Amino acid sequence: MKMIKQIIQYLLAAILALAILAFILINIFSSTILSESYVISKLEEENYYEEIYQDTQSNFENYIYQSGLDEEVLNNIVTQEKIEEDTKKILSNIYDNTKEEIDTEEIADRLNQNIEQSLGGNISTTQREAIDTFVDTICDEYKSTISHTNYEERINNLYQKGMQYLDIAKKGLLIAIGVCVILMAILTIKRIYRILAKIGTAFTISGLIFVLSYEYITTKVRIQGITILNNAVSEVLRNVLNDILSKVITYGSILLTLGILFIIVYAIIKSIRKIKREKEQYTPEN
């Protein structure tokens, strides 16, 4: 019976460890990549808007050579402020399902004005058709560079469903953690201090998984080599991944330290109780 009770206690400790692990992971992702405010702060931290502005200018220039127009027609058609405003619209579409459209009319108007000034106002019908195509191309390129796509609503749908499941998971994990602790307390009720060893074991397991996962990922995955869409997006993604890994190793270290401390405290209490019992049982000779 004693052996069965011990097995149950260690099974509960293992379940508790996994529940703590999952709960912390959900909190890490909820406070980072799944948080709109967090993502915006990372964009600002990495000078994202400035880099995207430079990318738009560079990408526009690739088309100017094909058009035969003067490079000056691209001057001041896009501002860094507009890029920031439109980027936040895109994020709002993804996180809040606001369904805001990216307005390129202002870009088109400025570009048309610059072209007309450059050509002196003498524009034939054939030229107008070519100019209209060029303006549409520049506007589409702008949307592409700031990562505006038709998939924002789909991403939001996945995001909303994911957040609902994560909310349910968090509640379930909290219940699981509470139940495990209560059951361990019941099983050690006669010597309640033993629960420290089981909780310490759970913390140690969780901490070790975090620490080993961090070591494996940082050893096997070259974070700085990850590239997606463009350099500006890639830099932000790398920053976010490094931040998540930093949180993982921090939580891992804390859990591992607490786990060891709980086990040490348990061992000290057990030793003190043992010494006390031995003194009570000792009867000096007359």
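Here the structure is shown first, and the text comes after it.
Residues numbered from 1 in each chain as written. Predicted model: local features only at pLDDT ≥ 70, side-chain atom pairs only at ≥ 80, totals over all residues. Heavy atoms only, no water.

Draft legend 1. View of the overall build of the protein. The number of helices and strands found in the protein is nine helices and zero strands. Across the protein, helices and strands are ordered from the amino to the carboxyl terminus as α-α-α-α-α-α-α-α-α. Computed over its C-alpha atoms, the radius of gyration of the protein comes to 30 Å, more than 25% above the 19 Å expected for a compact globule of 286 residues. Seen through its principal axes, the protein has C-alpha atoms that stretch 125 × 30 × 25 Å. Looking at the protein residue by residue over its 286 residues, the buried ones come to 34%. Expressed as a percentage of contacts within the protein between residues at least 6 apart in sequence, the contacts between residues at least 24 apart total 80%. (Helix = DSSP H or I, 4+ residues; strand = E, 2+ residues; numbered from the N terminus. Rg over C-alpha atoms; globule rule 2.2 N^0.38 Å. Buried < 20%, exposed > 50% of the residue type's maximum accessible area, 1.4 Å probe, protein only. Contact = heavy atoms within 4.5 Å.)

Draft legend 2. Region of the structure containing the pattern of salt bridges. By the definition in use, this model includes ten salt bridges. Of the charged contacts in the structure, one is a salt bridge between D243 and K42, with a shortest N-O distance of 3.7 Å. One end of the pair, D243, is in helix α9 (residues 231–281); the other, K42, is in helix α2 (residues 36–45), and 201 residues separate them in sequence. Linking E84 and K88 is a salt bridge whose minimum nitrogen-to-oxygen distance equals 3.0 Å. With E84 and K88 both in helix α4 (residues 80–96) and four residues apart, the pair spans about one turn of that helix. (Salt bridge = Lys/Arg side-chain N within 4 Å of Asp/Glu carboxyl O.)

Draft legend 3. A look at the nonpolar core. Counting 58 residues, the largest nonpolar core has L74 and L111 as its most contacted members. Element by element, the count of residues in this core is highest for helix α1 (residues 2–31), at ten residues. (Core = buried A, V, L, I, M, F, W, Y, C linked by side-chain atoms within 4.5 Å.)

Draft legend 4. Examining a nonpolar patch on the surface more closely. Together, I254, L258, I260, L261, I264, I268 and I272 make up an exposed nonpolar region whose accessible area comes to about 600 Å². Here I272 shows up in helix α9. (Patch = residues over 30% accessible without salt bridge, like charges linked within 9 Å, V, L, I, M, F, W, Y side chains within 5 Å. Areas by Shrake-Rupley, 256 points an atom, 1.4 Å probe, with all protein chains shown as cover.)

Draft legend 5. Fine view of the layout of surface pockets. A volume near 790 Å³ is recorded for the largest pocket. What lines the largest pocket is a set of 28 residues, among which L91, I94, S147, L229 and V233 lie closest to the centre. Secondary-structure elements contributing two or more residues to the lining of the largest pocket are α2, α3 (48–67), α4, α6 (125–145), α7 (152–187) and α9. The residue inventory of the lining of the largest pocket, partitioned by class, reads 18 nonpolar, eight polar and two charged. (1 Å grid on protein atoms, 1.4 Å probe; cavity = no way out; pocket = protein on both sides within 12 Å on 5 of 7 lines; lining within 4 Å. Points joined across faces, edges and corners; volume = space filled by probe spheres on them. Nonpolar A, V, L, I, M, F, W, Y, C, P; charged D, E, K, R; others polar.)

Draft legend 6. Representation of unusual backbone geometry within the structure. Of note, the phi angle at N76 is positive, near 60 degrees, even though the residue is not glycine. Residue position: N76 is located in the loop between α3 and α4. Its relative accessible area of 60% is what places N76 among the exposed residues. At K99, a residue that is not glycine, the phi angle is positive and equals roughly 60 degrees. Note on placement: K99 falls in the loop between α4 and α5 (105–119). Among the residues examined, K99 registers a relative accessible area of 52% and is labelled exposed.

Draft legend 7. Seen up close, the packing of α5 against α6. For the pair α5 and α6, the least separation of the axes is 10 Å and the interaxial angle reads 140 degrees. When the axes of α5 and α6 are compared, the pair comes out oblique. The handedness of the crossing between α5 and α6 comes out as right-handed. Contacts between α5 and α6 pair I107, A108, L111, N112, I115, E116 and L119 from the former with R128, I131, F134, V135, I138, C139 and Y142 from the latter. Among the residues forming the contact of α5 with α6, the class breakdown is eleven nonpolar, one polar and two charged. (Axes fitted to C-alpha atoms, helices over the stretch in contact; angles between N-to-C directions. Parallel < 35°, antiparallel > 145°, perpendicular 65-115°, else oblique. Left-handed = near helix turned anticlockwise from the far one by under 90°.)

None of this, on its own, says anything about what the molecule does.
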